[in-house]
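Each chain, letter by letter, is given below.
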Amino acid sequence: MSEMTPYADVADSPSTADSPSTADDPSTADDPSTVDHPGTAVPAIRLIGIAKRFVSRRGTVTAVERVDLVINEGEFFSLLGPSGCGKTTTLRMIGGFEEPTEGQILLYGRDVVGVPPNHRDVNMVFQSYALFPHMSVYDNVAFGLKRKSVPTAEIRQRVNEMLDLVQLDGKADRRPRELSGGQQQRVALARALVNRPRALLLDEPLAALDLKLRQAMQIELKRIQREVGITFVFVTHDQNEALTMSDRLIVMNAGKIEQLATPRDMYERPASRFVAGFIGTSNILTGTVKTMDGTTAILETGVNESLVVPEATGLIAGQQLDLTVRPEKIVLSAEPPGPGLCGLRGRVMEVVYLGTSTQYAVKTAEGADLLAFLQNASDSSDVAARGDDVYLTWRPEHSLCLGQTSGAQLDEEAVA
Amino acid sequence: MSAIAGLALEEAYENDHRPVTVHKPKRKGFLLPIWGWLVILWLSSPIVVMIVFGFNDGTGRATSTKWNGFTFKWYQNLFSISDLTTALGNSITIAIFTTLIAVVLGTLMGVALGRWKFRGAGSVNLLLFANIAAPEVVLGAALLSLFLTLNIPRGYVTILLAHVMFSIAYVVVTVRARMSGLDPSLEEAARDLGAGPLVTFFRVTLPLIAPGVSAGALLAFAMSIDDYIITSFNNGSTQTFPLWVYGAAERTGGSVPPQVNVMGTLIFAFGVIVAVGGAVANRKRA
Ligand SMILES: Nc1ncnc2c1ncn2[C@@H]1O[C@H](COP(=O)(O)OP(=O)(O)OP(=O)(O)O)[C@@H](O)[C@H]1O
Ligand SMILES: [Mg+2]
């Protein structure tokens, strides 16, 4: 378990040094412009201090701000974030459709800023698929190979292989508009992959599909990525999609990287209040550190209400702190919690039956609204009803500090 | 030629203005059908007269209003009046050159205006609109005074310049409409797959805006071969088909040689073929 680093301003040190793959990569320590050390793994994609500002008559829009990122070869890497946070702009800069205002983009160590898209070894799957409507499926897929003057026999073989891979054999003579949305999606994928790019960029490729098809395509995409072994950079605003598919992902907000992590860490150890709120459902509690005992802090969240926060290094008494607990970690009980557990008193405001689980909305004595999800494992009736007074209980290690409060950052600098 | 123009316009707006199917209620009675047929008669009578009198026997000095029997001789002697033949030749070659020049320049402009925002785009759009909206007399007179000021001798070249000038706007408008309906990521996809700017234009952009380009070409051709007013300001001693026909009627005091009817019939037939062919092609594509 990596320890919590709740105070790191992630946007200021965006390559998130505790991510194992970044730290292990020897080339990251070198000057990025001196490229390709034979024998060492050069990252597939590296962004160094990327910024993009759009200047228009109405002013300047900063779409991306100081983004540093390392994406390894063969990785399924996702960019996740709310609408307008700069995911598409970042992807388009990698593909060459936008030039960064600042910074460097290295593809396998080569700086490609200023290189047009047709001279970059990456391919893109567009959200609208952008299939050429006046060409057959075959000609769409063959387009890239023809541009590279691949011999006709080889083109035929590679296109057919690719159509097999995406399960579209037999549809080669169709026009794109004669295909369903899911099939068009596969053509777009085949058209990009047939060129054997060093990385595939996908901008919300599943957004136009309905839920069932989207879920099927998620599995399909993962299978294809495993089979071809190509680096996938995947843009989505759907957190489930990002969590289920990625090897690693970043959460972006307002043009900056909030956090880089594996899906599990992103969910279990959100580094900021924003990530905690964006990924899944989070309960956020605010309090003041009362005392410190080694690495364990006692957080006061109200009158006679305090929580034990373990592994809270670097805190000092008196500072404000945000804390998050996932709803599924909370247990409701009528009796006070046993020793060593965190517990708050509250009243059940709402009970919502969700099939596999039941959701309880509880208001604490201090007025915080918390959610708890309880699995409906047995057929016993609900553990609490509306209006009941209950204890919310969880294990101290499920409390996570969020490096968010500005006071905390100042204090951290003082400590360092 | 207006059939061509109509088709071209319909084609140009096909993308943005898909017709909405409305179920119209049926109306009984005979007054409306009779009225409808009267309108058809009224609209088609000049054309019918022209076609019929192309087959009217006679001396050939002038069209006679009397039916002298059926003949093919005007079709056989179509080119026996050399001035008329020259005028028709001028009209056709000017229309062809106008179309070629206007299509190349207009397509480039239409692509730029339909794809990008840039400084000056607004002014260009306004000028194009003004060009279409301005009365022909104004354009004709303005061009005349320009040619006089610059001391350019009027003739074939000035007619061509004038025709390119007034038809280019129509090409731009039809291409621009098509272009702005085009997903920009199609061109980006082509670039992404390794095509340079030229290959992208000829393999992706041009095929996709082709309906707009051909509509613009048809309009340019029709407007050029039709034009009387602007041409009459700038022709010098060069004659085109409309100018010659009007002049002949003036010279002879109210009649034109039967070859004019034949040529008119042929031009009309050409227009109908193009219009019907275009409509059929359209239906196939849809
Ligand atoms: N060409 C442009 N001109 C001006 N502003 C732009 C341009 N492209 C993007 N932006 C702005 O940059 C910001 C980031 O846009 P971007 O498309 O990268 O967001 P996104 O994360 O992909 O959002 P979404 O999930 O909605 O696709 C937005 O505020 C957007 O308005
Ligand atoms: Mg986007």
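Above this note sits the structure.
Keep in mind it's a predicted model, so treat the numbers as computed, not measured. Think of each chain on its own: its residues are numbered from 1, step by step along the sequence as written. Chain letters start at A and ligand numbers start at 1, both assigned in the order the entries are written. In keeping with the predicted nature of the model, local features appear solely for residues at pLDDT of at least 70, side-chain atom pairs appear and are counted solely at 80 or more, and the whole-chain, interface and lining totals rest on all residues.

## Description of the nonpolar core
And step 1. Joined through C-beta atoms within 7 Å, a set of buried Ala, Val, Leu, Ile, Met, Phe, Trp, Tyr and Cys residues constitutes a nonpolar core. To sort residues by burial, count the other C-beta atoms lying within 10 Å of each one's C-beta; a count of 20 or more means buried, 12 or fewer means exposed, and anything in between means partly exposed. C-beta atoms are built from the backbone. Of all hydrophobic cores here, the largest spans 108 residues; its most connected members are Val141(A), Ala190(A), Leu200(A), Leu201(A), Val233(A), Ile250(A) and Leu323(A).
And step 2. Per the annotation, domain bounds derive from an automatic or database assignment of domains. Per-domain counts for this core show at least three residues from each of domain 1 (20-121 + 197-272) and domain 2 (281-415) of chain A.
And step 3. When sequence neighbours within four positions are dropped, the list of residues in contact with Leu201(A) reads Leu91(A), Ile94(A), Gly95(A), Val122(A), Met124(A) and Val233(A).
And step 4. Core analysis: the second largest hydrophobic core is formed by 36 residues, Ala220(B), Met223(B), Ile225(B) and Ile230(B) among them. Residue pairs qualify as contacts under a 7 Å threshold applied to their C-beta atoms, which are placed from the backbone.

## Things to note about the sheet that holds strand β20 (residues 400-402) of chain A
Residues and elements named next belong to chain A.
And step 1. Strands qualify as paired when DSSP identifies two bridges or more between them. Secondary structure is summarised from DSSP: a helix means a run of H or I of at least four residues, a strand means a run of E of at least two, and numbering begins at the N terminus for each. Taken in spatial order, the five strands line up as β13-β12-β11-β14-β20 in an open sheet, and their pairing is antiparallel. Strand pairing shows two members of the sheet lacking a second neighbour, β13 (305-309) and β20, which therefore form its edges. Ignoring which end each strand starts from, the neighbouring axes of this sheet average 45° apart.
And step 2. Pairing of strand β12 (residues 296-302) with β13, which is carried by five bridges, proceeds in the antiparallel orientation. Along β13, the bridge assignment pairs Ala-297 with Val-309. Working convention: axes come from line fits to C-alpha atoms, limited for helices to the stretch in contact. Angles between N-to-C directions cover 0 to 180 degrees.

## Observations regarding the site of ligand 1
Residue and element names in this part refer to chain A.
And step 1. Think of it this way: take the backbone, place a C-beta atom on it, and check whether that atom is within 6 Å of the molecule or strand, in which case the residue is near it. Lining the immediate surroundings of ligand 1 are 13 residues, of which Phe-54, Ala-63, Ser-83, Thr-88 and Thr-89 lie closest.
And step 2. Of all the elements in the fold, those that place two or more residues in the shell around ligand 1 are β1 (45-56), β2 (59-71) and α2 (87-95).
And step 3. For the shell around ligand 1, the leading source of residues is α2, giving three residues.

## A short note on helix α2 (residues 31-53) of chain B
All names here are of chain B.
And step 1. Any helix carries an expected span of 1.5 Å times its number of residues minus one. With 23 residues, α2 should reach 33 Å at 1.5 Å per residue; the first-to-last C-alpha distance of 32 Å fits that figure.
And step 2. The bend at a residue is defined as the angle formed between two axes, one fitted to the seven residues ending at that residue and one fitted to the seven starting there. Along its length, α2 reaches its greatest deviation from straightness, about 50°, at Ser-44, and the proline Pro-46 lies no more than four positions downstream.
And step 3. Counted residue by residue, α2 has one buried out of 23 residues, so it is predominantly exposed.

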